[in-house]
Amino acid sequence: MTTTPQPSPRAYRAQLLRFDAAGQALFDSDGLLVTQANAQGVQQVLDAGPYGAVVARHPGLPVQHWPGRIIAPGFIDMHVHYPQLDVMGSPADGLLPWLERYTFPAEAAFADAAHAAAVALFFFDELARNGVTTALAFATSHPASVDAFFGEAQRRGLRMMGGKVLQDRHSPDGVRDQTEQSLLDTEALIQRWHGRGRLGYAITPRFAPSCSDAQMWGAAELARRHPDSWIQSHVAENQDEVRWARALYPEARSYLDVYHRFGLLRERAVYAHCIHLDDLDRRLMHDTGAAAAVCPTSNLFLGSGFFDHGAAARSGMLHGLASDVGGGTSFSPFHTMLAAYYVGREGQSKPGLSLKPSALWWHHTGGAARALGLEGVIGTLQPGSEADFVLLNPQATPLLARKSAQANSLEELLFALIVLGDDRVVQQVVTA
Ligand SMILES: [Zn+2]
């Protein structure tokens with residue numbers, strides 16, 4: 001008989017930002033986070049709260065002390081294309097020309113496994129530099145791109161979701177796949193990667209115009225057979241794209257309804273953008289449990305439109321924030337949260353509103369986890385959840401140090417970080 005060594009808890013003392021189950025921010029100006037490995041070796045939050053109270057419950061524990069720093073949940077990026085790293089900042093006349101001119105040629109290179117592995121390495125380094133500990137990512141249509149993504153994520157022990165892009169029509173040579181083979185490849189990749197360590201597979205029809213009916217039905221069938229897998233796609237990003245989808249599916253009530261008719265709206269189904277929706281669409285999102293990945297830097301960059309945060313909140317539909325690199329202009333959650341604030345303020349296409357700083361932060365952490373079906377698993381630093389966290393330095397730049405020192409409330413402190421912060425604020429990332 002062998003005995004397993006008793007896992008010893010770890011303790012971290014700093015300012016501490018957490019969220020409760022309702023999404024309210026909790027802040028301790030002197031806090032303590034205690035973590036302990038579970039049977040699988042994943043560090044989970046054992047206890048968290050004000051230093052005095054928590055340390056009394058764990059006497060004698062060695063404590064790592066970071067004075068002046070903030071421990072906060074790792075950020076969650078709900079929609080990113082890892083192969084589009086080199087597409088960032090490419091000028092084009094809107095979405096469809098941008099796809100043809102830059103994106104598809106860049107993605108075609110991922111047929112080469114060595115290229116895919118090199119980009120995956122850089123991608124995960126970049127996520128870490130920016131404090132992103134979980135992402136739901138598109139690979140390309142090449143299975144090698146998925147193996148590179150998951151291989152590197154597994155090596156780092158990260159909680160990551162991703163999948164092979166399905167696109168068997170209206171796509172150029174080099175990225176277009178074959179219907180039958182694409183579904184066989186997807187099934188094989190699910191078997192290889194889904195549920196391995198902290199990895200999860202996402203069935204990934206690129207968007208309705210790029211997938212034949214047979215491919216869409218096949219994707220939905222796979223989603224039914226693997227109910228805890230994710231689905232990811234795009235919807236209602238841009239008016240030209242909406243018109244195209246409507247012309248291809250005249251029988252559907254709306255672009256979103258196309259996915260519904262194929263059976264692709266369910267919990268853990270994540271649709272990027274969701275800009276040009278109406279209230280019936282939002283109700284459909286809510287009723288099916290599908291979630292929107294809101295991509296403000298991408299939407300502003302490509303001039304796609306403004307996500308209606310007010311209508312989304314009223315409908316109760318799940319939603320959270322995302323970079324959408326390479327359409328997005330930054331991996332930084334601070335830049336994404338600031339862009340979401342701009343989009344909320346915009347008051348010409350919809351009523352303008354001021355999103356609370358703590359609500360912006362929630363939409364990039366605990367709220368994003370809930371939208372992904374990972375509530376209680378990541379994003380809040382609540383006891384029992386996985387201990388993926390970032391260490392933030394509010395003195396990272398002279399201006400931020402000056403501004404954050406003047407903050408009179410948590411909202412003011414968080415807003416200073418959102419407006420003036422970037423990757424320089426992220427001092428360290430600790431993953432479970
Ligand atoms: Zn996208």
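Residues numbered from 1 in each chain as written. Predicted model: local features only at pLDDT ≥ 70, side-chain atom pairs only at ≥ 80, totals over all residues. Heavy atoms only, no water.

(A) Spatial organisation of the overall build of the protein chain. Helices and strands together make up the secondary structure of the protein chain, namely 16 helices and 15 strands. The C-alpha radius of gyration of the protein chain comes to 21 Å, within 12% of the 22 Å expected for a compact globule of 432 residues. Dimensions of the protein chain, computed from the C-alpha atoms along their principal axes, are close to 65 × 65 × 40 Å. Counting all 432 residues of the protein chain, 59% fall into the buried class. Look at the contacts in the protein chain between residues 6 or more apart in sequence, and 73% of them connect residues 24 or more apart. Total accessible area on the protein chain stands at roughly 16,600 Å², and carbon and sulfur atoms take up 52% of it. (Helix = DSSP H or I, 4+ residues; strand = E, 2+ residues; numbered from the N terminus. Rg over C-alpha atoms; globule rule 2.2 N^0.38 Å. Buried < 20%, exposed > 50% of the residue type's maximum accessible area, 1.4 Å probe, protein only. Contact = heavy atoms within 4.5 Å. Areas by Shrake-Rupley, 256 points an atom, 1.4 Å probe, with all protein chains shown as cover.)

(B) Structural context of unusual backbone geometry. Of note, the bond from Val325 into Gly326 is cis; its omega dihedral lies within 30 degrees of zero at 5°. You can see Gly326 is positioned in the loop between strand E13 (318–321) and helix H12 (333–345). In the Ramachandran plot, His170 falls in the positive-phi region, its phi being about 50° despite a non-glycine side chain. Secondary-structure assignment places His170 in the loop between strand E8 (165–166) and helix H5 (179–193). Assessed through its relative accessible area of 44%, His170 is described here as partly exposed. You will see that Leu381, though not glycine, has its phi angle at about 65°, which is positive. Structurally, Leu381 can be placed in the loop between helix H14 (366–371) and strand E14 (389–392).

(C) Up close: the coordination of the zinc ion. The protein atoms that coordinate the zinc ion are His79 (NE2), His81 (NE2), His234 (NE2) and Asp324 (OD), at distances of 2.0 to 2.5 Å. One can describe the site at the zinc ion as irregular: its four donor atoms subtend angles covering 85 to 167° at the metal. (Donors = N, O, S within 2.8 Å, 3.2 Å for Na, K, Ca; no water. Tetrahedral: all angles 85-135°; square planar, octahedral: opposite > 155°, others 65-115°.)

(D) Expanded view of the pattern of salt bridges. The full count for this structure, using the stated rule, is 27 salt bridges. A salt bridge links Arg198 to Asp388; the nearest nitrogen and oxygen atoms lie 3.0 Å apart. Of this pair, Arg198 sits in the loop between H5 and strand E9 (199–205) while Asp388 sits in the loop between H14 and E14, placing them 190 residues apart in sequence. For the pair Arg198 and Asp388, a shared accessibility class is recorded, and that class is buried. When the shortest N-O distance is used, the salt bridge between Arg370 and Glu375 registers 3.1 Å. Using a relative accessible area of 48% as the deciding quantity, one classes Glu375 as partly exposed. Via salt bridges that share partners, Asp125, Glu152, Arg155 and Arg156 belong to a single interconnected network. (Salt bridge = Lys/Arg side-chain N within 4 Å of Asp/Glu carboxyl O.)

(E) Examining the packing of H12 against helix H16 (residues 410–420) more closely. Contact pair H12 / H16: the axes reach a minimum separation of 7 Å and the direction vectors enclose 100°. In terms of their interaxial angle, H12 and H16 are classed as roughly perpendicular. Here H12 contributes Phe334, Met337, Leu338 and Tyr341 to the contact with H16, which in turn contributes Phe415, Leu417, Ile418 and Val419. A per-class count over the contact of H12 with H16 returns eight nonpolar, no polar and no charged. (Axes fitted to C-alpha atoms, helices over the stretch in contact; angles between N-to-C directions. Parallel < 35°, antiparallel > 145°, perpendicular 65-115°, else oblique. Nonpolar A, V, L, I, M, F, W, Y, C, P; charged D, E, K, R; others polar.)

(F) Fine view of the state of the cysteines. Under the criterion given, the structure shown has zero disulfides. Here Cys295 stays unpaired: no disulfide links it, and the sulfur of Cys274, its closest cysteine neighbor, is 8.8 Å away. (Disulfide = S-S within 2.5 Å.)

(G) Spotlight on the nonpolar core. Ranked by internal contacts, the top residues of the largest apolar core, which has 91 residues, are Tyr82, Tyr259 and Trp361. One finds Ile76, Val270, Ala322 and Ala368 within the second-largest nonpolar core, a separate group that totals 18 residues. (Core = buried A, V, L, I, M, F, W, Y, C linked by side-chain atoms within 4.5 Å.)

(H) A look at helix H7 (residues 239–248). Those residues of H7 lying buried are Glu241, Val242 and Ala245. Projection of H7 onto a plane perpendicular to its axis shows the buried side chains occupying an angular sector of 100°, all on one side. With respect to the buried face of H7, the exposed residues turned more than 90 degrees away are Arg243 and Ala247. Between the side-chain oxygen at the start of H7 and the backbone nitrogen of Asp240 there is a gap of 2.8 Å, and the oxygen is on Asn238. (Arc of directions from axis to C-beta. Polar contact = N/O pair within 3.5 Å; in protein donor to acceptor, adjacent residues only side chain to side chain.)

(I) Looking closely at the packing of aromatic side chains. The final tally for this structure, using the stated rule, is 22 aromatic pairs. The interplanar angle of 65° and the centroid separation of 5.0 Å between the aromatic rings of Tyr12 and Phe389 together place this pair among those described as edge-to-face. Separated by 377 residues along the polypeptide, Tyr12 in strand E1 (residues 10–19) and Phe389 in strand E14 bring together distant segments of the chain. Look at Tyr82 and Phe123: their rings are 5.7 Å apart centre to centre, the planes differ by 50°, and that puts the pair in the tilted class. One end of the pair, Tyr82, is in the loop between strand E5 (75–81) and helix H2 (95–108); the other, Phe123, is in helix H3 (residues 113–129), with 41 residues separating them in the sequence. No difference in accessibility class separates Tyr82 from Phe123, as the two residues are buried. Members of the aromatic cluster, joined through ring pairs, are Tyr82, Phe110, Phe123, Phe124, Phe149, Phe150, Trp193, Tyr201 and Phe331. Positioned above the aromatic ring of Tyr51 is the side chain of Arg13, whose terminal nitrogen or guanidinium carbon lies 3.6 Å from the ring centre. (Phe/Tyr/Trp six-rings, centres within 6.5 Å; stacked < 30°, edge-to-face > 60°. Lys NZ or Arg CZ within 6 Å of the ring centre and 35° of its normal.)

(J) Fine view of the environment of Ala14. Examined against the element boundaries, Ala14 turns out to sit in strand E1. The exposure class of Ala14 is buried, given its relative accessible area of 4%. Separated by 132 residues in sequence, Ala14 and Val146 place their C-alpha atoms 37 Å apart.

(K) Layout of the pairing of strand E6 (residues 132–138). Of all seven residues in E6, seven are buried; the element is thus mostly enclosed. In this sheet, E6 lies alongside E5 in parallel orientation, the contact comprising five bridges. If you follow Ile76 over to E6, its bridge partner there is Thr134. Judged from the three bridges that link them, E6 and strand E7 (residues 160–163) form a sheet pairing that is parallel. Within E7, the residue paired with Phe138 across the bridge is Gly163. Assessed by its sense of winding, the connection that carries the chain from E6 through helix H4 (residues 143–155) to E7 is right-handed. (Pairing = 2+ DSSP bridges. Right-handed = clockwise from strand over helix to strand, strands pointing away.)

Function-wise, these values are silent; they only describe arrangement.
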